[in-house]
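# Summary of structural features
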Amino acid sequence: MSSVAVRTSARRKGVGLGLVAWILGIVFFLPIAWMALTSFHSETDAAKNPPAFGASLTLDGYRDFFGTGGGASPWPALANSVVASVASTLFVLVLALPAAYALSLRPVKKWTDVLFFFLSTKMLPVVAGLLPIYLFAKNTDMLDNIWLLVILYTSMNLPIAVWMMQSFLAEVPVAIIEAARVDGARLPTILTRVVAPIALPGIAATSLICFIFSWNELLFARVLTGVVAETAPVFLTGFITSQGLFLAKVCAASLVISLPVLAAGFAAQDKLVQGLSLGAVK
């Protein structure tokens, strides 16, 4: 086969793969686009079956969500979600970085067994630990406390963070660390000024995943919070009442609550791709 034929075949294959990727992207994007469109419809038009594609647009769903019509304000719940997600992610990074460093760059015996133990903690069904955690929170007067969620989210995300960052830190050249030791750098300096900048894509990927897990968590937040520490997902479930499902308002609320995660993913997309690629290539 000539080189021209080979290049033509490769070009056709690339076009075909690109077309498939575009089709899959559109398929995955359609539900989000439909949710966004429904959020701008009135409740009557949103509930029609089949859907009213040409219905008039309105901001009533967003007004209801933000409480301008006399309903509850979502800002306290959004603020609680930000505090719980950001604080727990920061705590996870502070704890996971030294642990991953020890498992990847220091001689630890049976480090694979340690990693499996970390990963095995994620195999426990969350609902199995709900009752003892609730009783503990009740006896310590921690119910409806945002810092209880911070502690829970930190403990829940720490195993997966250590497991991910270990593979990222394994790619850090040992010679650079040894050179830093020769220059007199201690462990905190090595972690913050040598290891962290090199493994920044992996740290960014881990941070984003932990942030998403914390932001989306519902079960513990639903059971352990009330009014003071209510998070955004719990606030969203309050729109489903015995009076019915207010579809336009739910779509508006879902879109607004999803924006922080989408914004974080968009801002860290280059680091996320580099980090996931770094962890996959050995």
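The preceding data block contains the structure.
Residues numbered from 1 in each chain as written. Predicted model: local features only at pLDDT ≥ 70, side-chain atom pairs only at ≥ 80, totals over all residues. Heavy atoms only, no water.

### Some remarks on the packing of aromatic side chains
Selection rule: Classification of ring pairs uses Phe, Tyr and Trp, with its six-membered ring standing for Trp, and accepts pairs whose centres are within 6.5 Å; under 30 degrees between planes counts as stacked, over 60 as edge-to-face, and the remaining range as tilted. The helix and strand labels rest on DSSP assignments: H or I over at least four residues marks a helix, E over at least two residues marks a strand, and numbering proceeds from the N terminus. Only protein chains enter the accessibility calculation, which uses a 1.4 Å probe; a residue is then buried when its area is under 20% of its type maximum, exposed when over 50%, and partly exposed in between.
Inspection of the entire model under this criterion finds 5 aromatic pairs. With centroids separated by 6.0 Å and ring planes inclined at 75°, the aromatic side chains of Phe 65 and Phe 235 adopt a geometry described as edge-to-face. With Phe 65 in helix α3 (residues 60-65) and Phe 235 in helix α12 (residues 232-237), the pair connects residues that are 170 residues apart, well separated along the chain. The pair Phe 65 / Phe 235 is uniform in exposure class, with both members buried. These aromatic residues form a ring-pair network of at least three members: Phe 65, Phe 66, Trp 75 and Phe 235.

### Describing the packing of helix α10 (residues 200-216) against helix α13 (residues 247-267)
Where we set the bar: Throughout, an axis means a line fitted to C-alpha atoms (over the contacting stretch in the case of helices), and angles, computed between N-to-C directions, take values from 0 to 180 degrees. Any angle from 65 to 115 degrees is called roughly perpendicular, while one under 35 is roughly parallel, one over 145 is roughly antiparallel, and all others are oblique. Contact criterion: two residues are considered in contact whenever any of their non-hydrogen atoms come within 4.5 Å of each other. Amino acids are sorted into nonpolar (Ala, Val, Leu, Ile, Met, Phe, Trp, Tyr, Cys and Pro), charged (Asp, Glu, Lys and Arg) and polar (every other residue, Gly among them).
In the contact formed by α10 and α13, the axes pass within 10 Å of each other and the chain directions differ by 175°. When the axes of α10 and α13 are compared, the pair comes out roughly antiparallel. The residues of α13 that touch α10, namely those facing Leu 208, Phe 211, Ile 212 and Trp 215, are Ile 257, Pro 260, Val 261, Ala 264 and Gly 265. Tallied by class, the residues present in the contact of α10 with α13 amount to 8 nonpolar, 1 polar and no charged.

### Section: helix α4 (residues 75-105)
Filter applied, for reference: What a helix should span is 1.5 Å times the count of its residues minus one. Two axes are fitted around each residue, one to the seven residues ending there and one to the seven starting there, and the angle between them is reported as the bend at that residue.
Helix length check: α4, at 31 residues, gives a terminal C-alpha distance of 44 Å against a target of 45 Å (1.5 Å per residue), a fit within 8%. In α4, a bend of some 30° at Ala 96 exceeds every other bend along the element, and Pro 98, a proline, comes one to four places later.

### Examining the pattern of salt bridges
Any two side chains of opposite charge can pair, on the condition that their charged atoms come close. Heads up, the rule is: Should a side-chain nitrogen of Lys or Arg be within 4 Å of a carboxyl oxygen of Asp or Glu, the pair is scored as a salt bridge.
If you walk through the whole model with that rule in mind, you get 2 salt bridges. With a closest N to O distance of 3.3 Å, Asp 45 and Lys 48 form a salt bridge. A relative accessible area of 13% places Asp 45 in the buried class. A salt bridge links Arg 63 to Asp 60, with the shortest nitrogen-to-oxygen separation between them at 2.8 Å. Of this pair, Arg 63 and Asp 60 both sit in helix α3, 3 residues apart, which is roughly one turn of the helix. On the basis of relative accessible area, Asp 60 is assigned to the partly exposed category, the value being 38%.

### A word on the side chain of Thr 225
What counts here: Pairing of N or O atoms within 3.5 Å defines a polar contact, subject to two protein rules: one partner must be a possible hydrogen donor and the other a possible acceptor, and residues neighboring in sequence count only if both atoms are side-chain atoms.
Residue position: Thr 225 is located in the loop between α11 (219-224) and α12. The exposure class assigned to Thr 225 is buried, which follows from its relative accessible area of 12%. There is a polar contact of 2.2 Å between the side chain of Thr 225 and the backbone oxygen of Ala 221. Those residues in contact with Thr 225 that sit more than four places away from it in its chain are Asp 144, Leu 149, Phe 220, Glu 230 and Val 234.

### Considerations on the nonpolar core
Keep this limit in mind: In this text, buried Ala, Val, Leu, Ile, Met, Phe, Trp, Tyr and Cys residues form a nonpolar core when linked through side-chain atoms within 4.5 Å.
Formed by 28 residues in total, the largest nonpolar core has its most connected members in Tyr 101, Met 165, Leu 169, Ile 177, Ile 190, Val 195 and Ile 203. A total of 8 residues in this core trace back to one element, the largest contributor, which is α4. What Leu 169 contacts, discounting residues up to four positions off in sequence, is Leu 97, Ala 100, Tyr 101, Ser 104, Leu 105, Val 195 and Ala 199. One finds Leu 78, Phe 211, Phe 235 and Phe 239 within the second-largest nonpolar core, a separate group that totals 16 residues.

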